[in-house]
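A closer look at the structure
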Amino acid sequence: MPLFDFLCTACDTHFEKLVRAGDTPACPGCGSHAVLRQVSAPHAPGKSAGILQRARAQAAREGHFSNYRPSELRNKLK
């Protein structure tokens, strides 16, 4: 099921909802079914484990540890 953005024409509430393509949800603000389906903006992907691993390896080669968590730094600095 896709995630859609909606605009309620009765109370001007913007909300997003996971619905089937043909379903029309009720507005969470007023309960009206007079909603308009909006185009959802894509979200940027999060950092993957591979990107973090490469950044940490480069930082270690360069002699700084800015890409490590504090708990990991304690082990590196011992």
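You'll find the structure just up there.
So, here's what we can say about the structure. (Residues numbered from 1 in each chain as written. Predicted model: local features only at pLDDT ≥ 70, side-chain atom pairs only at ≥ 80, totals over all residues. Heavy atoms only, no water.)

Counting residues in each nonpolar core, the largest one holds 7 residues, listed as Phe4, Phe6, Cys8, Phe15, Val19, Cys27 and Val35. The element that contributes the greatest number of residues to this core is strand β1 (residues 3-8), accounting for 3 residues. Setting aside chain neighbours within four positions, we find phenylalanine 4 in contact with Phe15, Glu16, Lys17, Val19, Ala21, Arg37 and Ser40. (Core = buried A, V, L, I, M, F, W, Y, C linked by side-chain atoms within 4.5 Å. Buried < 20%, exposed > 50% of the residue type's maximum accessible area, 1.4 Å probe, protein only. Helix = DSSP H or I, 4+ residues; strand = E, 2+ residues; numbered from the N terminus. Contact = heavy atoms within 4.5 Å.)

A separate point is the environment of serine 32. Relative to the assigned elements, serine 32 resides in the loop between β2 (14-18) and β3 (35-38). Serine 32 gets classed as buried once you look at its relative accessible area, which sits at 19%. Excluding anything up to four places from it in sequence, serine 32 contacts Cys8, Ala10, Pro25, Ala26 and Cys27.

Turning our eyes to something else, we now look at the packing of aromatic side chains. How two aromatic rings sit relative to each other is set out by the distance from centre to centre and by the angle between their planes. On inspection of all chains with the given rule, the structure shows 2 aromatic pairs. Seen from their ring centres, phenylalanine 6 and phenylalanine 15 are 5.5 Å apart, and the 25° between their planes marks the pair as stacked. Members of the aromatic cluster, each reached through a chain of ring pairs, are Phe4, Phe6 and Phe15. The ring of phenylalanine 4 has arginine 37 lying over it, and the distance from NZ or CZ to the ring centre is 4.2 Å. (Phe/Tyr/Trp six-rings, centres within 6.5 Å; stacked < 30°, edge-to-face > 60°. Lys NZ or Arg CZ within 6 Å of the ring centre and 35° of its normal.)

Purely spatial values, then, with no claim about function.
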